[in-house]
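# Topology and contacts: notes
Below, each chain spelled out in residue letters.
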Amino acid sequence: MPPTSKRLHREDWLNHALETLDKQGVEGLYVEPLARSLGVTPGSFYWHFEDRQAMLDAVADHVSRYMLEAMSRSAESTEGSPANRLLSLMEEISLQDRGRYEKAVRGWASTDPKIMKIVKEVDQKRLGYMTRAFEEIGFEREEAECRGMAMMFCHMGAATFSLRRTKEERLRFARDVHVLLTSGAPGHT
């Protein structure tokens, strides 16, 4: 595709880099091929990033925010019961396919200690949020943490299977997992 004069924003580069990371791994994140696939010159890249490492750092930050965004919004919500808030979070994660970059990011993390640190921080924040959510539903701390881990593992596992699921299948899976993990809560019928 010949370069065009379209104006890209930093977010355009980051989103494209994330899609490329998903398809090709970190090995696909080089300036020339990214610019070519966007139909722009490398000059557009250097308008937003000093060099490849600056872009990789920005992608890592972008990934972290992306992986935690739905959870942050859910934590701010005060509407509905704790179980319904958790269901809403699980539905949003499924509908937005928020797990679609898990495999690529974890692959990158396996070769880059800096990314591994980010992944561990994201996982800790996720687990903390999930544990609190299950505690609010009525489970004791230890069981709440176990259920939080199970929820994380279900979503990460589903996201990293080579099978791609439709939006409807992801949503049904999230709802089924929610029922399984919230059953047995004190006062749950």
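Residues numbered from 1 in each chain as written. Predicted model: local features only at pLDDT ≥ 70, side-chain atom pairs only at ≥ 80, totals over all residues. Heavy atoms only, no water.

## A closer look at the overall build of the chain
Let me state the cut-off plainly: In DSSP terms, a helix is any run of H or I states spanning at least four residues, a strand is any run of E spanning at least two, and both are numbered starting from the N terminus. Burial classes: relative accessible area under 20% of the type maximum marks a residue as buried, over 50% as exposed, and values in between as partly exposed (1.4 Å probe, protein chains only). We call two residues contacting when some pair of their heavy atoms lies within 4.5 Å.
Assigned secondary structure in the chain consists of nine helices and zero strands. Secondary structure elements in the chain, listed N-terminal to C-terminal, are α-α-α-α-α-α-α-α-α. Considered along the principal axes of its C-alpha atoms, the chain spans approximately 60 × 35 × 30 Å. Taking all 189 residues of the chain together, 44% fall into the buried category. Look at the contacts in the chain between residues 6 or more apart in sequence, and 69% of them connect residues 24 or more apart.

## Points about the state of the cysteines
Using the following cut-off: The disulfide criterion is simple: two cysteine sulfur atoms within 2.5 Å.
All told, the structure shown has zero disulfides when counted by the stated rule. Considering cysteine sulfurs only, C154 is the nearest to C146, which forms no disulfide, with 11 Å between them.

## Some remarks on the packing of aromatic side chains
For the record, the criterion: Only the six-membered ring of Trp is used, alongside the rings of Phe and Tyr, when aromatic pairs are assigned; centres must lie within 6.5 Å, and planes under 30 degrees apart are stacked while those over 60 apart are edge-to-face, with the rest tilted.
Applying the stated criterion across every chain, the model contains five aromatic pairs. Ring geometry for W13 versus F45: centroids 5.5 Å apart, planes at 80°, classification edge-to-face. You can see W13 sitting in helix α1 (residues 10-24) and its partner F45 sitting in helix α3 (residues 42-48), a full 32 residues away along the chain. Each member of the pair, W13 as well as F45, carries the same accessibility label: buried.

## Side note on empty space enclosed by the protein
The condition is simple: Cavity: a set of points on a 1 Å grid over the protein atoms alone where a 1.4 Å probe fits but cannot get out. Pocket: an open set with protein on both sides within 12 Å along at least five of seven lines, its lining residues, like those of a cavity, having an atom within 4 Å of a point. Grid points are joined across faces, edges and corners, and a volume is the space filled by probe spheres set on the points. Gly falls in the polar group here, along with every residue not listed as nonpolar (Ala, Val, Leu, Ile, Met, Phe, Trp, Tyr, Cys, Pro) or charged (Asp, Glu, Lys, Arg).
Within the structure shown, the criterion is met by three cavities of 30 Å³ or more. Computed from the structure, the largest cavity encloses a volume of approximately 380 Å³. Lining the largest cavity are 24 residues, with I93, R98, G99, H155 and M156 sitting closest to its centre. In terms of residue count, helix α8 (residues 141-160) provides more of the lining of the largest cavity than any other element does, six residues in total. Taken together, the residues of the lining of the largest cavity break down into 14 nonpolar, three polar and seven charged. Quantified by volume, the second largest cavity comes out at close to 50 Å³.

## Some words on the nonpolar core
Quick note on the threshold: Grouping buried Ala, Val, Leu, Ile, Met, Phe, Trp, Tyr and Cys residues that are joined through side-chain atoms within 4.5 Å yields what is termed a nonpolar core.
W13, L21, L29, M55, L86, W108 and F134 are the most contacted members of the largest nonpolar core, which totals 55 residues. Among the elements that take part in this core, helix α4 (residues 52-76) stands out by supplying 11 residues, more than any other. With near-sequence residues (within four places) excluded, W108 lies in contact with L21, V26, L56, V59, A60 and I115.

## Quick word on the packing of α8 against helix α9 (residues 167-182)
Formally: To get an axis, fit a line to the C-alpha atoms, keeping to the stretch in contact for a helix; angles then go from 0 to 180 degrees between the N-to-C directions. These descriptions rest on fixed angle ranges, namely under 35 degrees for roughly parallel, over 145 for roughly antiparallel, 65 to 115 for roughly perpendicular, and the rest for oblique. Handedness of each helix crossing follows the sense of rotation of the near helix against the far helix: counterclockwise by less than a right angle gives left-handed, clockwise gives right-handed.
One way to put it is that α8 packs onto α9 with a least axis distance of 10 Å and a crossing angle of 160°. Judged on the interaxial angle alone, α9 and α8 are roughly antiparallel. The two elements α8 and α9 meet at a crossing, and its hand is right-handed. Counted together, R147, A150, M151, C154, H155 and A158 of α8 and F173, A174, V177, L180, L181 and T182 of α9 form the full contact between these two elements.

## Some words on α8
Worth spelling out the cut-off: To estimate how far a helix should extend, the number of its residues minus one is multiplied by 1.5 Å. Each C-beta atom gives one direction from the helix axis, and the arc is the one those directions make.
The terminal C-alpha atoms of α8, which comprises 20 residues, lie 28 Å apart, in line with the 28 Å expected from a rise of 1.5 Å per residue. When we look at burial in α8, the residues that qualify are A144, R147, G148, M151, M152, H155, M156, A158 and A159. Looking down the long axis of α8, one finds its buried residues gathered within 165° of arc, a one-sided arrangement. Relative to its buried face, α8 has exposed residues pointing more than 90 degrees away, namely E142, C146 and F153.

## A closer look at the side chain of H16
In plain terms, the rule: Polar contact criterion, stated in full: a pair of N or O atoms within 3.5 Å, where within protein one must be able to donate a hydrogen and the other to accept it, and residues adjacent in sequence count only if both atoms are side-chain atoms.
Inspection of the secondary structure puts H16 in helix α1. Polar contacts involving the side chain of H16 include one to the side chain of S37, which spans 2.6 Å. Sequence-distant contacts of H16, defined by excluding residues within four places in its chain, comprise L34, S37 and L38.

Just geometry here; none of it tells us what the structure is for.
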